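Letter by letter, the chains look like this.
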Amino acid sequence: MTVLSALAASMCLVSCKENFLDVVPTDRVSDASILSDSVLFEAFVTNRYMGTRLTDKEAEGTLPGFGRGFEYAMWSSLTDESIYNNDDNTWLIQRGQIAPENTGIAGTFWGRSYRSIREVNYALANIDKVPMSEGKKKMLRGELQFIRAFRYHDLIRNYGGVVLMGDKVSEISDDLTSQDLFNRADIKASIDYATAQLDEAAALLPESNDNNTWKLGRATKGAAMALKSRLLLYAASPLYNAGTWQQAAAAAKAVMDMNKYSLYTGGYGSLFTTTDNPEIIFGRLYAVGARHVCLEIANGPNSYNAWGGNVPLQNIVDDYEMMDGTKITDAKTSYDPQNPYKNRDPRFYATILYNGATYRNSIIETYTPGGKDSKDGPSNWNTSKTGYYLRKFMNDNLPIDNPWDVAGTQTWIYFRYAEILLNYAEAQNEAVGPDASVYAAINAIRQRIGVAMPALPAGLTQAQMRERIRNERRIELAFEEHRFYDVRRWKIALEKENKPAYGIEIGKNGTAYTYKQKEALTGKSFTEKQYWLPIPRAEIQASNNKLTQNQGY
């Protein structure tokens, strides 16, 4: 090449540089487009209900929402409700081995929540630029404040006091080494901020989803009030000690007094497969093409060609009462250890598959030798380690075999009316004792159509009522992502989570069965530091160690 041609070529490169590199991306939408188009902006807002996928084996089908929800390993499998048969980074948490550099499935909340908070702050900072009616802007502001408060809820209940970002939208050009970005507020200030946001959100959000301008699955006034109820219940609890039981009772009562929600009467099991019912206050909706994990194949028994994922523990099985209201450990119980699954609380049958249960036109057989859902059955690498399989949430109208294009459509319920009644009963009992309103709230749940458990006995002391309420939460809200936080906020995790993870070993000789308790997962352990999760080591390092780690880690 001559010098002249080389010079010409170099001039072309220089003169064309901007044209070559100034490419409009086709895989994203620009800020200018979002802020100039009301439809795009509203889509940006509604997409904030979802977060970023940050770890392996999460968000199959669609991006994750709040909490954990329907995943292969559910949050229950970090508690005394279940274990995850195939581990998937859950056993280390059950065994007390969680660490900042090894968080298992519990390492996503910090990063996902703060990314979402920044995105919400961006939308709030720019909403006035969007060509949209003031009425619609008002609702979207409320929706954004609700989403932000929910992200803070996820942070607070996992880490304690958190960094409060306010309305700040951090940019790359900012001083990202400033200590202000890493100062953690105490728990009271954190909850006060989140609940104040919820008060503002409740005033701006519509009361109902009309499935036209405000579709089912978007936050409402009731959703904001329900989240406030939960946060104030946490605040009053021993671990937090950052609020009063009176405040918590009042927040729950405010939701009750809306007279908008009621207990579902179509059967406890059907509650979780019926998307639009009067008990659901707020939930994450899914659909074909936008699904979650296909629950039936992920959790079903091995003889059904399923994978036996989240398998219930004997620990929770033993906490289901008898139909007459007695505990299996009561002196005058009707429990028969040779027929342990007879006449139990109806919620047991809707929640857990056990030896002898009817499921999909067949009978569950977890006994040995020869039981088809035991280690002697087909695909025995998927056999439950506990002797039980999960029944709750399963939809028998969805296939187990080849479910990928039709299953994974159940609603994940974030808040339902039964939780509000339980919140009220607990807070009111702690505030004033077991008055008539406490009994009414608990008995409404126990005696609903399809459950029909006996009313609680009259004359309970405050301490006795406390234990009954705690067990009622354990049973009613089983596998719904409450137990992990309940045993911590009550400060009973050192007792409950240090008990072995029990299962059942069933033998069969002719027509007779024998039942022997076994340890389904060895090494279960819980220490004081585990009342809070560790902030991932990468987050501490990214702050240049300015972010304070939780004690003990």
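Residues numbered from 1 in each chain as written. Predicted model: local features only at pLDDT ≥ 70, side-chain atom pairs only at ≥ 80, totals over all residues. Heavy atoms only, no water.

### A short note on the pairing of strand β8 (residues 412–416)
- Buried residues dominate β8, accounting for five of its five residues.
- Here strand β2 (residues 280–284) runs beside β8; their pairing, made up of four bridges, is antiparallel. Counted as the bridge partner of I280 is R416 from β8. (Buried < 20%, exposed > 50% of the residue type's maximum accessible area, 1.4 Å probe, protein only. Helix = DSSP H or I, 4+ residues; strand = E, 2+ residues; numbered from the N terminus. Pairing = 2+ DSSP bridges.)

### Notes on the confidence of the model for the protein chain
- Scored by pLDDT, the protein chain comes out at a mean of 94, with 95% of its residues at no less than 70.
- Throughout residues 1–21 the model reports pLDDT below 50, and contacts reaching past four residues in sequence, or to other chains, amount to one contact. (pLDDT = per-residue confidence, 0-100. Contact = heavy atoms within 4.5 Å.)

### Concerning helix α15 (residues 436–446)
- If you check which residues of α15 are buried, you get V438, Y439, A441, I442, N443, I445 and R446.
- Buried residues along α15 sit against α13 (346–349), α14 (417–432) and α16 (462–476).

### Some details on the packing of α14 against α15
- Contact pair α14 / α15: the axes reach a minimum separation of 9 Å and the direction vectors enclose 150 degrees. Taken together, α14 and α15 sit at an angle that is classed as roughly antiparallel. Note that α14 runs across α15; the crossing there is left-handed. Of the residues in α15, those in contact with A418, L421, L422, Y424, A425, Q428 and N429 of α14 are S437, V438, A441, I442, A444 and I445.
- Among the residues forming the contact of α14 with α15, the class breakdown is ten nonpolar, three polar and no charged. (Axes fitted to C-alpha atoms, helices over the stretch in contact; angles between N-to-C directions. Parallel < 35°, antiparallel > 145°, perpendicular 65-115°, else oblique. Left-handed = near helix turned anticlockwise from the far one by under 90°. Nonpolar A, V, L, I, M, F, W, Y, C, P; charged D, E, K, R; others polar.)

### Here we look at the nonpolar core
- Core analysis: the biggest nonpolar cluster contains 167 residues, and F41, Y114, F146, Y152, F282 and F393 have the highest contact counts within it.
- When sequence neighbours within four positions are dropped, the list of residues in contact with Y152 reads Y114, I117, V162, V163, L164, M165, G166, Y193 and A194. (Core = buried A, V, L, I, M, F, W, Y, C linked by side-chain atoms within 4.5 Å.)

### Thoughts on helix α6 (residues 134–159)
- Helix length check: α6 (26 residues) gives 37 Å between terminal C-alpha atoms against 38 Å at 1.5 Å per residue, within 8%.
- Of all the 26 residues making up α6, 22 are buried; the element is thus mostly covered by neighbouring parts of the structure. (Expected span 1.5 Å × (residues − 1).)

### Quick notes on the packing of α15 against α16
- For the pair α15 and α16, the least separation of the axes is 11 Å and the interaxial angle reads 30 degrees. Considering the angle they form, α15 stands roughly parallel to α16. The handedness of the crossing between α15 and α16 is left-handed. Here V438, Y439, I442, I445 and R446 of α15 lie close against α16, whose contacting residues are M465, R468, I469, E472 and E476.
- Across the contact of α15 with α16, the residue classes break down as six nonpolar, no polar and four charged.

### A few points about the packing of aromatic side chains
- All chains considered together, the criterion is met by 39 aromatic pairs.
- A centroid spacing of 5.1 Å and a plane angle of 85 degrees characterise the contact between W110 and Y159, whose relative ring orientation is edge-to-face. Residue W110 is found in helix α5 (residues 109–126), and its partner Y159 is found in helix α6; the two are separated by 49 residues along the sequence.
- Note on W110: relative accessible area 5%, which makes it buried.
- When its relative accessible area of 1% is taken as the criterion, Y159 is described as buried. (Phe/Tyr/Trp six-rings, centres within 6.5 Å; stacked < 30°, edge-to-face > 60°.)

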